[in-house]
Amino acid sequence: MDKHFLTPLFAPASIVAFVGNADGPGGQTPAGHTLREAFRAQRFDGTLRFLDVRTKGTLEELAQTHADLALIALAPGDVAAALEIAGRIGCKAAVVLSSGIGAEQATQWRKIARREGVHLLGPNSLGFQRPLLHLNASVAGPLAASGPLALVAQSGALTASMLDWARQNGVGFSSVVSLGPHTSVDIPQVLDFLANDQATHSIIVYLEGIADARRFMSALRSASHAKPVVVLKAGRKPAGNEAAQTHSAAIVGSDDVFDAALRRAGAVRVRSFVELFSAAKCLASRYRPVGKRLAVVTNGGGPGVLAADWINEIGLDLGKLSAPAQKLLQPALPPLASLADLIDLSEEAQPAHYRAAIDAASADSQVDGVLAIFSPKAGIDAAATAKALADIPRPMNKPLLACWMGDSSVGKARAALADATIPSFRTPEAAVGAFGNIAAFYQNQQLLQQTPPPLSALAKPDIEGARLLIESVLAERRHVLTEMESKSLLSSFHIPITRTLLARSPSEAMMIATQLGFPVALKIDSPDIPHKSDVEGVALNVLNGTGARDTYIEMMERVARLAPEARINGVTVQKMVRARRGREIYVGMVTDEPFGPVIVFGAGGTMIELLNDRAMELPPLNQFLARRLIERSRVAETLGEWRGAHAVDMEALEDLLLRVSEMVCELPELREMDINPIIVDENGAISVDARIVVGSSSQAVAAHVGNAVNGYQHLAIMPYPARYRREWPLAGSGGGTYIVRPVHPNDAQMLQTLVQGLSPESRWFRFVSRFHELPPTMLSRFTLIDYDREMALVAVILERSVSPEGSVLESERIVGVSRYVTNPDQTSCEFSLVVADEFSGKGIGSRLMESIIDVARDKGLAEMDGLVLANNPDMLKLVRRLGFTVKPFPEDPDFKLVTYML
């Protein structure tokens, strides 16, 4: 049960192939011919058998036939029969190699596959390749070389092009998967498999569309946590967007939002096909940088300056040697060498000089990566210089990239670099861009680690009051809130607003303005006017009572003339915010298809459209994410001490973003929100105006009940489920308490310590393995999880120790973990449990199991099952006491199958 559900597809032990017969009834499709030739060219490591759905006598042979995978390359009229036969002979997966199949036909095949219990890759797919297994189940060309890189593409043409490029550039693959429109097995499922595939160290994805943002983000976050993922997305501009939707039959979404989603998922995005190849070079070399300071070693000033310019252009930093490193290196270089910024070795540089400079940069803590640039010089051997790089011991602790400029004179040098798996580029800009793409991996991994809860630690908002307000608006069949309603909604979440009162007559406007103090602003209040300035419904800097009265009269007359059908509630009056050096900020939210609500931050005020300053982030936010969101905006440069003004209260601005995040999480009816302007200075932040649009939501009722099955389904990223945190008494004479809570990415080291401290017997009972500690990929998978499809609850105690200085130190320790993962049927789940040996018998195991059962039931699952070793009496005793049924496991007598109906 530990095998991935797609193992029969991508790692089959036996295959049946339906390819037709050129001389038989129905003939043979081009795909069938290509597939047969592929198996002739490369012998599959497992067993392979060819079947023909039209040949007499085939059905009689089915009783003696069994296979994991069925490959189907037949005419559309024969595919359904082949799928049914595949189900009868026990196939758990099938590939339909075809093109041009419409949605209706694909749906019919998908229903047959589901009925037969078959995972279907296709139609409209070129198939897949698994070079390590010598398996070419594709019509994408010859089998690729074996390597650590996986390719997943939603385009058959690009799949074939990438494989052709790889053959010429020495890049090998662990997997190549071609996906097309209407395929049943989709990108999230393939990513989930590759995240757990030990042969895959890096993943590149060509993406045209996303059918389910929640599933996509879940799988991408899981894969990115385990290994680098680089994504090339089509449809960045409107024309390309439309073409991509037509091609992939899925929704692409706003390009800015897609950027935000990839950052939050810890993946790296490239913008062009060429960049994808460049990133692939670096990933194939398995370099994983931890910063963005790139040192440039060059024998020519011009190429070095080009590299430095591009470093600055794409937001990297030029890595400079520290003063001690310069002092040690300078005597070993030619007299004209310069180390001030670039490591310019001068035109006299020999191979030994390159080696010395690279060694110095690699050892310097102020450098994160090294780019070696070589320009052909008379009397300097390009190949010998490349060999100096190739001879550097591996693995290096930092990325090393090369740029051997020129062409005919550097061919042998480039070959030497390729043989040494050193990424080599023809131009400095391409090399710098490749480093920039991979350097982004570390920055995005920091965002990936953030798993905030839906509510922050700030004062609890009035969620129920906010929901009642929205319900009343929707009950009136309205969608746009008035200014008064919008500000009331903001106030429910403790977002500071200017005091605003509604005047229903000229005299009321005069009295309210006098009470508030001048100057004041007057704005029309109408549920039918979303943009007040369009009907001249805004007046600023009204200086006295007479002016307030007259402005009211004139505004009502103008609006009645310009919007005669609009319902008018009156005119709002508010005191003008006077912050002499305050900055105007905009905070809002938009609803993207398919990613759902997105929080937007940027410069505000009347020039908002012209400035077009929009930084985006997917909710939920915490303080770290709020700070990074602010830093990505252009207005961030003005928030510190700027032109004589004090630095703004950054904590107040971050708190405001956290409040907006709370609104977005708890109110699924929100569709759009503009809080503009927000005046922020050293004393805080205050919202001057707001516009909010709401709509009915199928998730609203579920979201109103925080622990409902579908809670927070409107979000692309499931928030941290803090509601499952409980404190329990610790059984035994020592007393004390322990906390049961959902696992968090920061728990990785504590979880590793738990596993390392287990007895060999306990480790065998839990993992059926002799390893002493969790492998890195497994540790990543166990700690960064999708709370929507799985759950891990940890039991945490607080340990106290005394430091050498005599102070008391407190630290958390994980002493137990219960876990479930939802099965592909989406109705059942598989569980596991482990408890530290010294805490056995203290009730922790029972509590963890009862808690994980409650969570699974809360999620609407119907059944929980698991495998327990037959010689593990304590665990079998526990599950029986909890009400599990215990039966023999037919596939392995060493295990018992335990099942609990939820």
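Here, residues in each chain are numbered from 1, in the same order as that chain's written sequence. Only residues with pLDDT of 70 or above have their local features reported here, since the model is predicted, and side-chain atom pairs are shown and tallied only from 80 upward, although totals for entire chains, interfaces and linings are computed over all residues. Water and hydrogen atoms were dropped before computing side-chain values, which therefore reflect all heavy atoms in the structure.

Trainee: So what about the sheet that holds strand β10 (residues 202–207)? Which residues, and what values?
Mentor: Two strands make a pair as long as DSSP finds a minimum of two bridges between them. Where helices and strands are cited, they refer to DSSP runs of H or I of at least four residues and of E of at least two residues respectively, numbered from the N terminus. One open sheet holds the seven strands; their spatial order is β7-β6-β9-β8-β10-β11-β12, and the pairing between them is mixed. In the strand order of this sheet, the two ends are held by β7 (135–138) and β12 (268–270), each with one partner. Put simply, the sheet's adjacent strands are angled 15° from each other on average, direction ignored. Pairing of strand β8 (residues 146–153) with β10 involves five bridges; the strand directions are parallel. Bridging from a neighbouring strand, Leu 149 pairs with Ser 202 of β10. Where helix α5 (residues 156–169) meets the sheet, its contacts fall on β6 (127–130), β8, β9 (173–178) and β10, and the angle it forms with β9 comes to roughly 155°. Any two residues having at least one pair of non-hydrogen atoms within 4.5 Å are treated as being in contact. Axis lines are fitted to C-alpha atoms, over the contacting stretch for helices. Their N-to-C directions set the angle, which ranges from 0 to 180 degrees. The sheet strands contacting helix α6 (residues 187–195) are β6, β8, β9 and β10, and the helix crosses β10 at an angle near 170°.

Trainee: For the layout of surface pockets, give the residues involved together with the corresponding values.
Mentor: Unoccupied space between atoms shows up once a probe the size of one water molecule is rolled over them. Think of a 1 Å grid over just the protein atoms. A cavity is a set of points where a 1.4 Å probe fits yet cannot get out, a pocket is an open set with protein on both sides within 12 Å along at least five of seven lines, and lining residues have an atom within 4 Å of a point. Grid points are joined across faces, edges and corners, and a volume is the space filled by probe spheres set on the points. Computed from the structure, the second largest pocket encloses a volume of approximately 1300 Å³. In this structure, the second largest pocket is lined by 34 residues; those nearest its centre are Arg 263, Ile 314, Gln 443, Asn 444 and Arg 632. Counting residues per element, the lining of the second largest pocket draws most heavily on helix α16 (residues 428–448), which supplies eight residues. Polar here means any residue other than Ala, Val, Leu, Ile, Met, Phe, Trp, Tyr, Cys and Pro, which are nonpolar, and Asp, Glu, Lys and Arg, which are charged; Gly is therefore polar. Its residues assigned to classes, the lining of the second largest pocket comprises 13 nonpolar, eight polar and 13 charged.

Trainee: Quick one: what's the story with the pattern of salt bridges, residue by residue and with numbers?
Mentor: Opposite charge on two side chains permits pairing when their charged atoms draw close. Salt bridges are defined by distance alone: a side-chain nitrogen of Lys or Arg within 4 Å of a carboxyl oxygen of Asp or Glu. Tallied over the entire structure, the rule returns 44 salt bridges. Between Arg 293 and Asp 368 there is a salt bridge, and its shortest N-O distance comes to 2.9 Å. Linking Arg 293 in strand β13 (residues 293–298) with Asp 368 in the loop between α13 (351–363) and β16 (369–374), this pair joins segments that are 75 residues apart in sequence. The exposure class assigned to Arg 293 is partly exposed, which follows from its relative accessible area of 30%. Taken together, the shared-partner salt bridges in this structure form one network comprising Lys 233, Asp 255, Asp 259, Arg 269 and Arg 271. Relative accessibility thresholds used throughout: buried, under 20% of the residue-type maximum; exposed, over 50%; partly exposed, between the two (1.4 Å probe, protein chains only).

Trainee: How would you sum up the packing of helix α25 (residues 748–757) against helix α27 (residues 776–783)? Please name residues and give values.
Mentor: For the pair α25 and α27, the least separation of the axes is 10 Å and the interaxial angle reads 120°. Considered as vectors, α25 and α27 are oriented oblique to each other. For the crossing formed where α25 meets α27, the hand is right-handed. Residues Ala 748, Leu 751 and Gln 752 of α25 form the contact with α27, whose participating residues are Leu 779, Phe 782 and Thr 783. Residue composition of the contact of α25 with α27, grouped by class: four nonpolar, two polar and no charged. Here is the rule for angles: anything less than 35 degrees is roughly parallel, anything more than 145 is roughly antiparallel, 65 through 115 is roughly perpendicular, and the remaining ranges are oblique. By definition, any crossing whose near helix is turned counterclockwise from its far helix by less than a right angle is left-handed, and any crossing with a clockwise turn is right-handed.

Trainee: For the nonpolar core, give the residues involved together with the corresponding values.
Mentor: In this structure, Met 864 and Phe 884 are the most contacted members of the largest nonpolar core, which totals 103 residues. Looking at this core element by element, the count peaks at eight residues for helix α23 (residues 650–666). When neighbours within four sequence positions are excluded, Met 864 is seen to be in contact with Tyr 820, Cys 829, Phe 831, Ile 852, Ile 853, Ala 856, Phe 884, Val 898, Thr 899, Tyr 900 and Leu 902. Only buried residues count toward a nonpolar core, which is a set of Ala, Val, Leu, Ile, Met, Phe, Trp, Tyr and Cys residues joined through side-chain atoms within 4.5 Å. Ala 93, Leu 97, Val 152 and Leu 618 belong to the second-largest nonpolar core, a separate cluster that totals 59 residues.

Trainee: Can you lay out helix α28 (residues 844–858) for me, pointing to particular residues and giving the numbers?
Mentor: Residue count minus one, scaled by 1.5 Å, sets the expected span of a helix. Along its 15 residues, α28 runs 21 Å from first to last C-alpha, staying within 8% of the 21 Å computed at 1.5 Å per residue. When you tally the buried positions in α28, you get eleven out of 15 residues, the bulk of the element. All of the buried residues along α28 are Ile 844, Gly 845, Ser 846, Leu 848, Met 849, Ser 851, Ile 852, Ile 853, Val 855, Ala 856 and Asp 858. After α28 finishes, the residue Gly 860 shows a positive phi value of roughly 85°.

Trainee: Any chance you could break down the packing of helix α22 (residues 623–631) against α23 for me, citing the residues and the numbers?
Mentor: Taken N-terminus to C-terminus, the directions of α22 and α23 make an angle of 110°; their axes are 9 Å apart at the nearest point. In this view, α22 runs roughly perpendicular relative to α23, as classed from their interaxial angle. For the pair formed by α22 and α23, the contact residues are Gln 623, Ala 626, Arg 627, Leu 629 and Ile 630 on the first element and Met 650, Leu 653, Glu 654, Leu 657 and Leu 658 on the second. Tallied by class, residues from the contact of α22 with α23 come to seven nonpolar, one polar and two charged.

Trainee: I'd love a proper account of the packing of aromatic side chains, names of residues and values included.
Mentor: Centre distance within 6.5 Å is the pairing criterion for rings of Phe, Tyr and Trp, where only the six-membered ring of Trp is used; planes under 30 degrees apart are then read as stacked, over 60 as edge-to-face, and the remainder as tilted. The tally for this structure, following the rule as stated, stands at twelve aromatic pairs. Considering the side-chain rings of Phe 767 and Phe 782, the 6.5 Å spacing of their centres and the 20° angle between planes classify their relative orientation as stacked. Taken together, the positions of Phe 767 in helix α26 (residues 760–767) and Phe 782 in helix α27 put the pair 15 residues apart, joining distant regions of the chain. Relative accessible area serves as the criterion here: at 13%, Phe 767 is assigned to the buried category. Measuring from centroid to centroid gives 5.3 Å for Phe 831 and Phe 884, while their planes differ by 50°, and the two rings are tilted. Linking Phe 831 in strand β33 (residues 828–835) with Phe 884 in the loop between α29 (873–882) and β35 (885–888), this pair joins segments that are 53 residues apart in sequence. You'll find Phe 831 and Phe 884 in the same group, each marked buried. Taken together, the ring pairs in this structure connect Phe 10, Phe 128 and Phe 193 into an aromatic cluster. The ring of Phe 258 is capped by Lys 233, whose NZ or CZ atom sits 5.2 Å from the centre of that ring. Any Lys NZ or Arg CZ found within 6 Å of a ring centre and within 35 degrees of that ring's normal is scored as a charge over the ring. Residue placement shows Arg 847 over the ring face of Trp 728; its charged tip is 3.6 Å from the ring centre.

Trainee: How would you explain the pairing of β33 if you had to name every residue and give the values?
Mentor: Within β33, eight of the eight residues are buried, which leaves it mostly tucked inside the rest of the structure. Neither face of β33 is open: one carries Ser 828, Glu 830, Ser 832 and Val 834, the other Cys 829, Phe 831, Leu 833 and Val 835, and all of them are buried. Hairpin connection, strand β32 (residues 808–822) to β33: the antiparallel pair is bridged by five residues, and Gln 826 has positive phi, about 65°. In this structure, β33 lies alongside strand β34 (residues 863–869), joined through three bridges in parallel fashion.

Trainee: So what's going on with empty space enclosed by the protein? Which residues, and what values?
Mentor: Applying the stated criterion to the full structure yields six cavities of 30 Å³ or more. In this model, the largest cavity occupies a volume close to 110 Å³. Residue composition of the lining of the largest cavity, by class: seven nonpolar, three polar and three charged.

Trainee: Which residues make up the side chain of Thr 783, and what are the values?
Mentor: Tracing the chain through its elements places Thr 783 in helix α27. Under the rule applied, a polar contact is a pair of N or O atoms within 3.5 Å (in protein, one hydrogen donor and one hydrogen acceptor; residues adjacent in sequence only if both atoms are side-chain atoms). Side-chain polar atoms of Thr 783 contact the backbone oxygen of Leu 779, separated by 2.9 Å. With residues up to four places along the chain from it excluded, the contact list for Thr 783 reads His 225, Val 743, His 744, Pro 745, Asp 747, Ala 748 and Leu 751.

Trainee: Residue-level account of the sheet that holds strand β5 (residues 119–125), with values.
Mentor: Spatial strand order, β2-β1-β3-β4-β5: five strands in an open sheet with parallel pairing. Here the strands that pair on one side only, and so sit at the sheet edges, are β2 (47–51) and β5. Taken pair by pair, the neighbouring strands of this sheet meet at an average axis angle of 15°, ignoring direction. Alignment of strand β4 (residues 93–97) against β5, held across four bridges, turns out to be parallel. Bridge pairing in β5 links Val 95 to Leu 121. Each of β2, β3 (69–72) and β4 is contacted by helix α2 (residues 30–41), which is oriented at about 150° to β2, the strand it contacts most. Docked against the sheet, helix α4 (residues 103–115) engages β4 and β5, running at close to 160° with respect to β5.

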